[in-house]
Amino acid sequence: MSLKIQHFVIFVTIVVCLSCRQEQQTVTSITGKELLIHEDLPASDSIEAFVKPYREHLNSVLDSALAYAPRTITRTDGELNSSEGNLMADIVMQETNPIVIARTGREIDFVMLNHGGIRSLISEGDVTARTAYEVMPFENTIVILGMKGKAVRDLVEYLVKSGEPHPISGLQVRIGKDRKLRSFQVQGMPFDENKMYFVATSDYLAKGGDYMDFFKSRDTLINTGYYLRNAMIDHFKKVDTLRASVDDRYIRID
Amino acid sequence: MERRSFLKHTGATSAFIGLGGLGLSACSGSGPKHLTILHTNDVHSHIDPFPEDHSAFPRKGGIARRAALIEEIRRENPNTLLFDAGDIFQGTPYFNFYGGELEFKLMSMMRYDAATIGNHDFDNGLEGFLAQLPHAGFPFLSANYDFKDTILDGLVEPYKLFQLDGLKVGVFGLGIMLKGIVNDALYGETRYLGPIEMAQEMSDILKKEKQCHLVVCLSHLGYEYDRGELPSDLDLAAATRGIDLIIGGHTHTFLDRPVVRKNKDQQDVLVNQAGCYGVNMGRIDFYFDKTGIRADGATINI
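Basis of the calculations
- Residues numbered from 1 in each chain as written.
- Chains lettered and ligands numbered in written order.
- Predicted model: local features only at pLDDT ≥ 70, side-chain atom pairs only at ≥ 80, totals over all residues.
- Helix = DSSP H or I, 4+ residues; strand = E, 2+ residues; numbered from the N terminus.
- Rg over C-alpha atoms; globule rule 2.2 N^0.38 Å.
- Buried ≥ 20, exposed ≤ 12 C-beta atoms within 10 Å, placed from the backbone.
- Contact = placed C-beta atoms within 7 Å.
- Pairing = 2+ DSSP bridges.
- Axes fitted to C-alpha atoms, helices over the stretch in contact; angles between N-to-C directions.
- Parallel < 35°, antiparallel > 145°, perpendicular 65-115°, else oblique.
- Core = buried A, V, L, I, M, F, W, Y, C linked by C-beta atoms within 7 Å.
- Nonpolar A, V, L, I, M, F, W, Y, C, P; charged D, E, K, R; others polar.
- pLDDT = per-residue confidence, 0-100.
- Expected span 1.5 Å × (residues − 1).

Secondary structure summary: chain A contains seven helices and 12 strands in total. In terms of overall dimensions, chain A is more spread out than a globule: its C-alpha atoms have a radius of gyration of 28 Å, far above the 18 Å expected for 254 residues. On the principal axes, the C-alpha backbone points of chain A span a range of 95 × 45 × 45 Å. Taking all 254 residues of chain A together, the buried fraction comes to 35%. Sequence-distant contacts, at least 24 apart, represent 79% of the contacts inside chain A between residues at least 6 apart.

Set out below in structure tokens:
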């Protein structure tokens with residue numbers, strides 16, 4: 001009985017295969033195009049209805065206040081350093097240090113990010129998780145680089161030469177009226193050419209993004225896997241009032 | 001004698017008729033056949049349309065609109081296949097909140113037929129991907145990620161065969177080198193195999209052994225590279241034989257139309273990529289006939 005069914009299955013399989021094999025289909029013409037998904041297209045009701053509860057939950061969480069900013073924080077309020085740049089670099093320093101200490105027993109010496117990476121200002125008023133998504137839409141993680149000697153000097157030279165207030169923390173830089181480097185210190189100590197410094201930055205910059213090639217001349221790289229945006233959100237949750245200002249970490253002296 | 005008892009078996013008889021019917025409808029369509037392939041890539045968790053004030057894509061995209069358009073195209077031509085070339089995950093809070101669950105569920109509702117794995121699909125690690133797999137009602141295909149020593153062992157196939165209206169379509173997936181762009185811990189013991197070599201192996205299996213009418217590659221290699229340190233889709237097209245269509249991703253390349261390249265045998269290969277974030281969807285239509293015209297004599301209207 002089972003044998004007969006087996007035979008039958010084999011027979012049907014052969015019939016189906018034979019009928020398929022006879023098809024000598026060849027491509028005669030091909031058309032191809034890109035379809036733009038634009039605002040005049042109708043939307044699927046079932047998909048809309050399915051997404052709705054997810055969207056509402058997400059929005060309620062994203063828009064709930066985590067902290068309060070008494071003044072607008074922006075990257076454009078200072079020439080050599082800005083309130084928002086300082087805030088970002090300080091957040092990276094404060095929020096990442098415990099992770100780095102736990103993993104290496106060492107502290108971060110300084111932080112450097114890129115001015116262009118700050119994508120939005122932080123408006124006066126409630127600060128939410130959405131704020132963090134606006135400021136940092138990229139999926140960048142914080143990495144720690146072991147750098148010494150020439151690489152650190154190149155970093156500072158780049159900062160000075162760029163003319164941009166790239167966010168820094170733990171670094172004190174002085175330039176003259178001629179816009180040439182006068183001095184720089186790390187954590188208030190004079191620069192030591194032979195010391196290995198722990199520098200925190202983003203994975204994007206560590207790969208040489210924004211032409212920060214000095215980051216490629218490093219001795220070690222530790223990827224914390226910690227998203228810059230998550231560091232911001234964690235920081236917002238810890239503080240009631242979000243304050244940031246232009247200060248003297250990078251200034252021009254006479 | 002055997003035949004008589006065979007026919008007496010009513011269950012088997014009805015099965016025979018059923019299968020026979022299937023065989024007929026699957027293989028005997030006499031007129032020219034028409035296959036539509038729709039594809040997305042690098043949607044990156046973009047479910048809602050972009051807002052009015054977005055600098056690059058104001059009011060564009062949106063999964064509900066895409067779903068409606070796909071349904072409309074399917075009504076016109078039921079012989080439609082829908083693919084994604086990777087980086088489904090990461091890019092909006094939907095991913096951070098739900099870990100890709102919503103993306104997979106929506107793609108299943110839209111009846112995606114297959115997808116390949118992009119580098120960002122590893123962003124929550126192999127565990128994060130595995131956790132969402134039950135929500136995906138479509139297979140993930142990769143011929144050059146070897147997951148044998150990982151928790152994804154047996155869950156990702158190199159290729160899949162699709163049979164529509166008597167047409168046999170073979171589809172395989174390719175992924176980019178993970179080292180350097182994905183944190184090592186996230187992809188674990190996943191082994192990266194040479195994409196060009198694996199593509200040729202797949203193409204040979206699908207075209208020669210499986211007798212496919214069409215071979216499609218879902219690639220997350222990237223469209224083109226200046227420095228050429230990694231193989232791109234254009235490199236892949238030129239260095240292989242047997243592939244008809246390369247559906248690309250990774251480089252977020254917006255093309256005005258698909259491009260045509262010559263393969264190793266000087267035959268045409270189509271390469272397409274649909275930008276990113278669900279702003280574009282690619283559409284390729286293949287028309288077949290039994291006239292015996294050689295495949296490379298096809299007219300390509302793009």
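Back to the write-up after that little detour.
A regular strand places its side chains on the two faces of the sheet in alternate fashion. Residue and element names in this part refer to chain B. Of the strand pairs in this sheet, strand 10 (residues 259-262) and strand 11 (residues 268-272) are connected by four bridges, and their pairing is antiparallel. Residue pairing across strands places Val 260 opposite Leu 270, the latter belonging to strand 11. Between the end of strand 10 and the start of strand 11, which pair antiparallel, lie five residues, with Gln 266 showing a positive phi angle near 60°.

With that settled, consider the packing of helix 3 (residues 83-104) of chain A against helix 7 (residues 228-238) of chain A. All names here are of chain A. The geometry of helix 3 relative to helix 7 is characterised by a closest axis approach of 9 Å and an angle of 85° between their N-to-C directions. Regarding the angle of helix 3 to helix 7, the classification is roughly perpendicular. Contacts from Ile 91, Val 92, Gln 94, Glu 95 and Thr 96 of helix 3 reach helix 7 at Leu 228, Ala 231, Met 232, Asp 234 and His 235.

Below, the discussion takes up the nonpolar core. Side chains of a nonpolar character, in soluble globular proteins, are inclined to be buried together. In terms of nonpolar packing, the biggest core is built from 84 residues, with Phe 83, Val 216, Cys 217, Leu 218 and Ile 246 of chain B touching the most fellow members. When residues in this core are grouped by element, the largest group, six residues, is from helix 3 (residues 63-76) of chain B. Excluding its chain neighbours within four sequence positions, the residues that come into contact with Leu 218 of chain B are Phe 83, Ala 85, Ala 114, Ala 115, Thr 116, Leu 141, Val 171, Gly 173 and Ile 247 of chain B. Membership of the second largest hydrophobic core comes to 55 residues, among which are Leu 66, Leu 80, Leu 155 and Val 199 of chain A.

Residues and elements named next belong to chain A. Strand order in the open sheet made by the five strands is 6-3-10-5-11, with mixed pairing throughout. Each of the sheet's edge strands pairs with one partner strand only, and the pair in question is strand 6 (168-169) and strand 11 (220-227). For strand 3 (residues 110-112) and strand 6, the ladder comprises two bridges, and the chain directions are antiparallel. Paired with Met 112 across the two strands is Ile 168, which belongs to strand 6.

With that settled, consider unusual backbone geometry. With the exception of glycine, most residues fall at negative phi, and the peptide bonds are largely trans. One non-glycine residue, Arg 179 of chain A, adopts positive backbone phi at about 65°. Secondary-structure assignment places Arg 179 of chain A in the loop between strand 7 (171-175) and strand 8 (181-186). With 10 C-beta atoms counted inside 10 Å, the residue Arg 179 of chain A sits in the exposed group. Unusually for a residue other than glycine, Asp 42 of chain B sits at a positive phi of about 50°. For Asp 42 of chain B, a count of 28 C-beta atoms within 10 Å puts it in the buried group.

Between helix 2 (residues 45-62) of chain A and helix 5 (residues 101-109) of chain B, the least distance of the axes is 11 Å, while the angle of their chain directions is 170°. What the angle tells us is that helix 2 of chain A and helix 5 of chain B run roughly antiparallel. Of helix 5 of chain B, the residues touching helix 2 of chain A (which contributes Ile 47, Phe 50 and Tyr 54 of chain A) are Leu 102, Leu 106 and Met 109 of chain B. When the residues that make up the contact of helix 2 of chain A with helix 5 of chain B are grouped by side-chain class, the tally is six nonpolar, no polar and no charged.

Our next topic: the sheet that holds strand 8 of chain A. All names here are of chain A. Spatial ordering of the open sheet is given by 9-8-7-12, a layout of four strands whose pairing is mixed. The two strands at the open ends of the sheet, each matched to only one other strand, are strand 9 (189-190) and strand 12 (250-252). Relative to strand 12, strand 7 runs parallel, the two sharing three bridges. Following the sheet pairing, Ile 175 is matched in strand 12 by Arg 252.

This part takes up the environment of Pro 93 of chain B. Counting through the fold element by element, Pro 93 of chain B comes out in helix 4 (residues 93-98). It is 32 Å that separates the C-alpha atoms of Pro 93 of chain B and Pro 258 of chain B, two residues lying 165 residues apart in sequence. Sequence-distant contacts of Pro 93 of chain B, defined by excluding residues within four places in its chain, comprise Leu 58, Leu 62 and Tyr 133 of chain A.

Quick look at the confidence of the model for chain A now. For chain A, mean pLDDT is 90; residues scoring 70 or higher make up 91% of the total. Low pLDDT (under 50) marks residues 11-22 of chain A, which in the prediction has 10 contacts with non-local residues, meaning those over four places away or in another chain.

Before going further, it helps to spend a moment on helix 2 of chain A. Owing to its 3.6 residues per turn, the α-helix brings residues three or four apart onto one side. With 18 residues, helix 2 of chain A extends 25 Å from end C-alpha to end C-alpha; this agrees with the ideal 26 Å at 1.5 Å per step. Taken together, the buried positions of helix 2 of chain A are occupied by Ile 47, Val 51 and Leu 58 of chain A. Check the buried side of helix 2 of chain A and you find it contacts helix 3, helix 4 and helix 5 of chain B.

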